[in-house]
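Observations on chain architecture
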Amino acid sequence: MDTRMMETLDKGGVMKRNRKLLCVGLVAVLVLFCLVSPVDAWNSHGACTKLIISDQEWLKAYDMITVTPWTYQDVDTAAVGPNFVLQYIEGKPGTVTSAAAILTNYADEPDWKMDQDLNLSPFQVLTGGSQGWRHQYYGLGWLRLGVAPSRAQYFFDLAGKAKAKGDLYWTFRYLARAIHYVQDTTQPYHGAPAPAGLIFKGIGNFGALLASATNHHYNLEEYQSAMVARSSSVFVGALRNAAPLDIATVTSADWLCRHGAYLGRPEVRKLWPLETTFFGDSIDGKDSWLFDESTLHVADPGTVQAAYDQELSVSLDRMSSYTKTLLLLARQAYGL
Ligand SMILES: [Zn+2]
């Protein structure tokens, strides 16, 4: 719970007057975290990253990069999932590729079993396992669950080590991985599974709350992915045109993740009711439900769908802005 959520709860008098209810609420939220355990924030990081970097003119200077084998055993020592296989999308070492291709092709790599089936923390069960643990950053009062910020920083630092060796291929591949975790933390439902007020109200019928939280989460992700695939101008515009933050105030990849999750949590309160109105009551039901993608089209102006797109574009704008900021940090730190 961040300070804004605390304030909201305080206004309602819930937290001050009823500590018992708070305890029940905390347990409920933890169980909710546990059961709403998505492994991927935004679907298709690669497709979004391609749009995000379309204005990065500087990348064009890196259009002839030779694929190199992974030779970072001494510094890249974090555990990888037992079923993770290192892939070379553009071709085996020796093939020529570009920075733009590497960033686009490997923005999804952390979802390719890299973080699955690991034993990282006794608390990882609360985020749905080791992948959830590494890809999310839940906030609940003083409690933080997940290590997405440190994962982003880990790969950002490795990119620097690759650059120091003159290995541009792994510089950009490690940056692509860092981008993944930064983007993950900008998906609002990764910071809070449901609006805090609803969680407290829904304790009496916890199964229903849980089902609806899961529905909201997955429908948002499927919807944004489908709309990017349909080239919705609101979504494509947000991804393309977002401006980076001023790197005088941004200290690190870790900072970007923490800040992204912090700003995303209050968004949940706005997205949830719009989803109920747009998708219909089924999303709030106790059965798992997904909208019918075959009838989906780009929003007409003035509709509920258009309002939902507008709200969702706030988060997509942040996803883009934070990605671009990470690239600025890399350029500054590594002389790219
Ligand atoms: Zn992820």
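The coordinates are above.
Please read all numbers here as calculations on a predicted model, not as lab measurements. (Residues numbered from 1 in each chain as written. Predicted model: local features only at pLDDT ≥ 70, side-chain atom pairs only at ≥ 80, totals over all residues.)

Where helix α5 (residues 99–106) contacts helix α8 (residues 168–184), the two axes come as close as 8 Å, and the packing angle between them is 35°. The way α5 lies across α8 gives a crossing that is right-handed. Counting all contacts with α5, which are made through Ala-99, Ile-102, Leu-103 and Tyr-106, the residues of α8 involved are Tyr-169, Phe-172, Arg-173, Leu-175, Ala-176, Arg-177 and Ile-179. Broken down by class, the residue content of the contact of α5 with α8 amounts to 9 nonpolar, no polar and 2 charged. (Axes fitted to C-alpha atoms, helices over the stretch in contact; angles between N-to-C directions. Helix = DSSP H or I, 4+ residues; strand = E, 2+ residues; numbered from the N terminus. Left-handed = near helix turned anticlockwise from the far one by under 90°. Contact = placed C-beta atoms within 7 Å. Nonpolar A, V, L, I, M, F, W, Y, C, P; charged D, E, K, R; others polar.)

Where helix α7 (residues 148–164) meets α8, the axes come as close as 8 Å, and the angle between the chain directions of the two elements is 165°. The orientation of α7 with respect to α8, classified from their angle, is roughly antiparallel. The hand of the α7/α8 crossing is left-handed. Of the residues in α8, those touching α7 at Ala-148, Arg-151, Ala-152, Phe-155, Phe-156, Leu-158, Ala-159, Ala-162 and Lys-163 are Trp-170, Thr-171, Tyr-174, Leu-175, Arg-177, Ala-178, Tyr-181, Val-182 and Asp-184. For the contact of α7 with α8, the class distribution of residues is 13 nonpolar, 1 polar and 4 charged. (Parallel < 35°, antiparallel > 145°, perpendicular 65-115°, else oblique.)

Here the focus is the nonpolar core. Counting residues in each nonpolar core, the largest one holds 68 residues, and the members touching the most others are Leu-103, Ala-152, Ala-178, Val-182 and Leu-326. Per element, the largest residue contribution to this core is 10 residues, and it comes from α8. Excluding anything up to four places from it in sequence, Val-182 contacts Ala-152, Ala-253, Leu-256, Cys-257, Gly-260, Tyr-322, Thr-323 and Leu-326. (Core = buried A, V, L, I, M, F, W, Y, C linked by C-beta atoms within 7 Å. Buried ≥ 20, exposed ≤ 12 C-beta atoms within 10 Å, placed from the backbone.)

Below, the discussion takes up α7. In an α-helix, one turn spans 3.6 residues, which is why side chains three or four residues apart end up on the same side. The end-to-end C-alpha distance of α7, which contains 17 residues, comes to 25 Å, matching closely the 24 Å that a straight helix rising 1.5 Å per residue would cover. Summarising burial for α7: 12 of the 17 residues are buried, a large majority. Taken together, the buried positions of α7 are Ala-148, Pro-149, Arg-151, Ala-152, Gln-153, Tyr-154, Phe-155, Phe-156, Leu-158, Ala-159, Ala-162 and Lys-163. Summarising the contacts, the buried residues of α7 are in contact with α6 (130–135), α8, α12 (253–264) and α14 (304–334). (Expected span 1.5 Å × (residues − 1).)

In this section: the environment of Ala-242. Along the chain, Ala-242 falls in the loop between α11 (233–241) and α12. The spacing of Ala-242 and Leu-316 is 74 residues in sequence and 8.7 Å in space, taken between C-alpha atoms. Other than its neighbours up to four places away in sequence, Ala-242 contacts Asp-317, Ser-320, Ser-321 and Lys-324.

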